[in-house]
Amino acid sequence: MDVAAQWAGGALTIDLSAIAANYRLLSGIVARNGAKTVCGAAIKADAYGLGADRVAPVLERAGCRHFFVAHLSEGASIRDTISRDIPVFVLHGPPPGTSGDLLEAGLTPVLNSPEQLEEWRALAARRGKALPAAIQLDSGMARFGLTAETLEALADDSDSYAGIDPVLVMSHLACADVPGHPANRDQLVAFRRLSALLPRAPRSLAASSGIFLGSDWYFDLVRPGAALYGINPCPGRPGPMRPVVRLQARVIQTRSIPEGQSVGYGALFTASRPTRVALLGIGYGDGFHRSASSRGRAVLPSHPDVRLPIIGRVSMDSLAVDITDLGDIPVPPGTALDLIGPHNTLEEAAEAAGTIGYELLTDLGGRYHRSYIDVAAD
Ligand SMILES: *Cc1c(COP(=O)(O)O)cnc(C)c1O
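Treat the numbers as computed from the prediction; the structure is a model and nothing was measured.

## So, the nonpolar core
Here is step 1 of the chain: Grouped together as the largest cluster of nonpolar side chains are 104 residues, with contacts concentrated most on Ile43, Leu59, Phe67, Tyr229, Leu280 and Leu339.
Here is step 2 of the chain: Here this core takes 8 residues from helix H2 (residues 16–31), the largest share from any one element.
Here is step 3 of the chain: Inspection of this core shows a minimum of three residues originating in each of domain 1 (36–229) and domain 2 (245–377).
Here is step 4 of the chain: Look past the residues within four positions of Leu339 in its chain and what remains in contact with it is Leu247, Ala249, Leu280, Ile282, Phe288, Arg297, Ala298, Ile310, Leu319, Asn344 and Ala349.

Now the structure itself:
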């Protein structure tokens, strides 16, 4: 860790070249489908906490031409970081009364409901021209999108989509991370049937895990987020993605405690042997979940094989690690231990906290010293 990093409790290193490599890997996989399918990117939630303003331009340079955010505000804040002619889709559509703002901001809505459809049609009528939009249909997840009943009713009226220039028809899979789940095939069949009720447009069904279900799920565009950021899209199997995030915590002090001494809030951990403890400057206030108390582990990068379990409660600003098994290896204040790194994966850290990589990443927050590994100029 450099000196500036010592000012913070921990350091988050984000490898932009790994994000670009992950994008190219996924693009390559779906392009094998007769070179028909292209790869977009979900950059909602600040690119899963990694900094959408840094991530989006890297993805554009890697070839990405379709971006997805959840909210109008997210779209507005990153619009200027990528070329104006590349669409930024707002997954939640226009909030009531804001369709003019969304258009002015240079964003493209995903229309999910009859109300949003009507809102966009009314704006098009006021502007006197058709306006581009994606249309989402519900293929069985019952989250966002027009239902089968709505689509069937709208299909009977040739004016239903007047004023809307459909640039994408999309839906989302509920169980893509479980390849054998019957919902995947059911949603595929429903998507094929229901998308035929809409005006013709490029179609998109798969996000990260959906890409690994096979080419039936590709259609014209895939929309990964997680896999780009190093989250394994194939849980339980070795994943092909390059890790993107390293989270290091600084040792503030070490101490030796006798057998029988307890550590931290609630005296949750009691030493069963003379124990050497390192206090690290990261806690739940940094998005390192309290549920990792007595469950997660840290790694001294020079000695990755030595287990350094988190002991006791994770506090707001600190946590304790048992470093006894390092023996005589010095661990002076300022030493950086990995909480997520080459030897302890994001998935492992998330599992220890009883959650998934998605939640851990998006929670990491703004308290760390952040540095980015840039893509080498090519
Ligand atoms: C978040 C999201 C994605 C990306 O999902 P990942 O699992 O992160 O790849 C794609 N499409 C929609 C509609 C989403 O909400």
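## Some thoughts on the site of the ligand
Here is step 1 of the chain: Around the ligand, the structure places 14 residues, and the nearest of them are Lys44, Tyr48, Ser208, Gly225 and Tyr358.
Here is step 2 of the chain: A distance of 2.8 Å separates an oxygen atom of the ligand from a polar backbone atom of Gly225.
Here is step 3 of the chain: Residues belonging to the shell around the ligand are distributed by class as follows: 8 nonpolar, 3 polar and 3 charged.

## Regarding the packing of aromatic side chains
Here is step 1 of the chain: A complete count under the given rule lists 4 aromatic pairs for this structure.
Here is step 2 of the chain: Taken together, a centroid distance of 4.9 Å and an interplanar angle of 45° make the contact between Tyr48 and Tyr229 tilted. Taken together, the positions of Tyr48 in helix H3 (residues 44–48) and Tyr229 in the loop between strand E10 (221–222) and strand E11 (245–257) put the pair 181 residues apart, joining distant regions of the chain. Each of the two residues, Tyr48 as well as Tyr229, counts as buried.
Here is step 3 of the chain: Judged by centre distance (4.9 Å) and plane angle (85°), the ring pair of Phe191 and Phe219 falls under edge-to-face. Placement of Phe191 in helix H9 (residues 182–195) and of Phe219 in the loop between helix H10 (208–211) and E10 is noted, with a sequence separation of 28 residues between them. The two residues Phe191 and Phe219 agree in class, both being buried.
Here is step 4 of the chain: Clustering of aromatic rings is evident, with ring pairs tying together Tyr48, Tyr229 and Tyr358.
Here is step 5 of the chain: We note Arg54 situated over the ring of Tyr372; from NZ or CZ to the ring centre the distance is 4.3 Å.

## Thoughts on the UniProt feature "domain: Alanine racemase C-terminal" (unreviewed entry) in the protein chain
Here is step 1 of the chain: Per the UniProt record, "domain: Alanine racemase C-terminal" (unreviewed entry) is found at residues 244–373.
Here is step 2 of the chain: Split by type, residues 244–373 is 11% helix and 33% strand. Its first and last C-alpha atoms lie 9 Å apart.

## Some points on the side chain of Ser315
Here is step 1 of the chain: Within the secondary structure layout, Ser315 lies in the loop between strand E16 (308–311) and strand E17 (319–322).
Here is step 2 of the chain: On the accessibility criterion, Ser315 (15% relative accessible area) is buried.
Here is step 3 of the chain: Look past the residues within four positions of Ser315 in its chain and what remains in contact with it is Tyr265, Gly283 and Tyr284.

## Here's the deal with the domain arrangement of the protein chain
Here is step 1 of the chain: In terms of domain boundaries, the protein chain breaks down into domain 1 (36–229) and domain 2 (245–377).
Here is step 2 of the chain: One C-alpha centre belongs to domain 1, the other to domain 2; they are set 38 Å apart.
Here is step 3 of the chain: On the domain 2 side, the residues contacting the 9 residues of domain 1 number 8 residues.
Here is step 4 of the chain: Between domain 1 and domain 2, the buried area comes to about 830 Å², and carbon and sulfur atoms account for 61% of it.
Here is step 5 of the chain: In terms of surface lost to domain 2, no three residues of domain 1 exceed Tyr48, Leu50 and Arg54, which account for 54% of the buried area on that side.
Here is step 6 of the chain: Asp374 is the partner of Arg54 in a salt bridge, and the nearest nitrogen-oxygen pair spans 3.3 Å.

Calculation rules
In this numbering scheme, every chain counts its residues from 1 along its sequence in written order. pLDDT decides what is reported in this predicted model: residues at 70 or higher carry local features, side-chain atom pairs at 80 or more are listed and counted, and totals for whole chains, interfaces and linings draw on all residues regardless. With hydrogens and water set aside, each side-chain value is computed from the structure's full complement of heavy atoms. Working definition of a nonpolar core: buried Ala, Val, Leu, Ile, Met, Phe, Trp, Tyr and Cys residues. They are joined through side-chain atoms within 4.5 Å. Here's how the labels work: a residue is buried when its accessible area is under 20% of the maximum for its type, exposed when over 50%, partly exposed in between, all with a 1.4 Å probe on protein chains only. Each helix is a run of H or I in the DSSP string that is no shorter than four residues. Each strand is a run of E no shorter than two, and both are numbered from the N terminus. A domain assignment, automatic or from a database, supplies the domain bounds used here. Throughout, a residue-residue contact means that at least one pair of heavy atoms, one from each residue, lies within 4.5 Å. Nearness is defined per residue: one heavy atom within 4 Å of the molecule or strand is enough. The term polar contact refers here to a pair of N or O atoms within 3.5 Å; inside protein, the definition further demands a hydrogen-donor-capable atom paired with an acceptor-capable atom, and it admits residues adjacent in sequence only when both atoms are side-chain atoms. Only Asp, Glu, Lys and Arg are considered charged, only Ala, Val, Leu, Ile, Met, Phe, Trp, Tyr, Cys and Pro nonpolar, and every remaining residue, Gly among them, polar. Any Phe, Tyr or Trp ring, taking Trp's six-membered ring, that has another such ring centre within 6.5 Å forms a pair; planes under 30 degrees apart are called stacked, those over 60 apart edge-to-face, and the others tilted. Charge-over-ring contacts are defined here by two conditions on Lys NZ or Arg CZ: a distance within 6 Å of the ring centre and an angle within 35 degrees of the ring normal. UniProt positions are given in the numbering used here, feature names are shortened, and annotations may be inferred rather than shown by experiment. Put simply, buried area is how much 1.4 Å-probe accessible surface two parts lose in total, over both of them, once they are put together. Only one rule defines a salt bridge in this text: a Lys or Arg side-chain nitrogen within 4 Å of an Asp or Glu carboxyl oxygen.

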